[in-house]
Amino acid sequence: MIKAGIIGASGYTGGELLRLLVSHPDVSLELATSRSLAGKTVASTHRHLEGFLDLKYENPELEEIRERCDVVFVAVPHGTAMNYVPELLDGSTKVIDLSADYRLDTPVFEKIYGIKHSDPRNAVYGLVELHPEVAKEDFVANPGCFPTGASLAAAPLAAAGLIEIAVFDSKTGISGAGISPSESSHYPNLAENIIPYKLTAHRHRAEVVQELTGLDGKLRNINFTPHVIPSIRGIFTTAHLFTKEPLSTEDVRGIYEEFYRDKPFVRLPGGVPSLTAVRGSNFCDIGFEADKENNRVVVLSAIDNLVKGASGQAIQNMNLMFGLAETRGLWLPAAAP
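Keep in mind it's a predicted model, so treat the numbers as computed, not measured.

Caption draft 1: Looking closely at the overall build of the chain. For the chain, the count of helices and strands is 9 helices and 14 strands. Against the 2.2 N^0.38 benchmark of 20 Å for 337 residues, the chain shows a C-alpha radius of gyration of 19 Å, consistent with a compact globule. For the C-alpha atoms alone, the extent of the chain along its principal axes is close to 65 × 45 × 40 Å. Counting over 337 residues, the chain shows a buried share of 53%.

This is how it looks when you write it as structure tokens:
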């Protein structure tokens, strides 16, 4: 059994890691940390886990965490993971960081987040569909939720060198803002409303740029605008991809089916994807329609921001890092409706 620990287990991401790992056939949950909740049962804050595990929150030293765990998931705020990772990696423990600290090249991270990086090491970007080399790594940077949906929506056409301009319009559920309430997640402000924010300068754009230009070094015109919608879970992305040549919908389908042929968590169901069809699952559903007259392809992607956008994807990475099938413990249908 793989002994797993979670640093920062009290939030939404930590709770989702616990929910998925508690029934993973190859994992033994060893510890869940929280400085403020140490000594309390995990189920006292994650009530959905009542009866499934008897862990209590702890606040051990990093050396003890490293000694007790084969893998550690770091689910802490951006800018703080770098304080944990170096010591955790000083041994045989594998680490998956769910913050943004290691997703970008250090100079880009420092510019985007306005934080001086104290540990400028490289990490593989853990979007498995684009980075199978995850299987050879001891340290992986788990992608952001918005970049997961956007990058998967555009990757096949980017890899084919067909995109001239990419415009991403993404809608996220409230849980994407984290467990602490804010003005945009306060029910009276969000109910029956939609709130766009950081219209041209959202920090997740840098990850999309990094991944798509890695597939096509000539692609430069990449645009992204996020919105919060009155939904608990999910990210729905509409990608307007202006192409270098006219494509039919059948042309696009052929490109996407070939690119994602051996990628079990990307589905091409046909028609318009649905957030309810991926809720609680690690799937990314993709649909598309070509506007041949205007050299435009509209690609739609739907993911659960807490699963494929965070915790499920982290476990998908863990599976490959330990030589397991990437679907192990994750091959679950969505909780629809």
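Caption draft 2: Expanded view of the nonpolar core. Of all hydrophobic cores here, the largest spans 41 residues; its most connected members are Leu21 and Phe73. If you list the elements that add at least two residues to this core, you get strand E1 (2–7), helix H1 (12–21), strand E2 (27–33), strand E4 (71–74), strand E14 (296–303) and helix H9 (307–321). With 7 residues, H9 is the largest single contributor of residues to this core. When near neighbours in sequence (up to four residues on either side) are disregarded, phenylalanine 73 contacts Ala4, Gly5, Ile6, Ile7, Leu17, Leu21, Ile96, Leu98, Ala314, Ile315 and Met318. With 37 residues, the next largest nonpolar core counts Ala153, Ile163, Leu268 and Ala290 among its residues.

Caption draft 3: Geometry of the pattern of salt bridges. Tallied over the entire structure, the rule returns 17 salt bridges. Residues arginine 68 and glutamate 30 are paired through a salt bridge, measuring 3.3 Å at the closest nitrogen-oxygen approach. Remark: glutamate 30 occurs in strand E2 and arginine 68 occurs in helix H2 (residues 62–68); sequence separation between them is 38 residues. Judged by relative accessible area, which is 24%, glutamate 30 ranks as partly exposed.

Caption draft 4: Molecular detail of the UniProt feature "active site" (unreviewed entry) in the chain. In this numbering, the UniProt entry assigns the feature "active site" (unreviewed entry) to Cys145. The residue cysteine 145 is located in helix H5 (residues 145–159) in this model. Those residues in contact with cysteine 145 that lie beyond four places of it in its chain are His204, Ile235, Ile303, Asn305 and Gly309.

Basis of the calculations
- Residues numbered from 1 in each chain as written.
- Predicted model: local features only at pLDDT ≥ 70, side-chain atom pairs only at ≥ 80, totals over all residues.
- Heavy atoms only, no water.
- Helix = DSSP H or I, 4+ residues; strand = E, 2+ residues; numbered from the N terminus.
- Rg over C-alpha atoms; globule rule 2.2 N^0.38 Å.
- Buried < 20%, exposed > 50% of the residue type's maximum accessible area, 1.4 Å probe, protein only.
- Core = buried A, V, L, I, M, F, W, Y, C linked by side-chain atoms within 4.5 Å.
- Contact = heavy atoms within 4.5 Å.
- Salt bridge = Lys/Arg side-chain N within 4 Å of Asp/Glu carboxyl O.
- UniProt positions renumbered as here; feature names shortened; annotations may be inferred.

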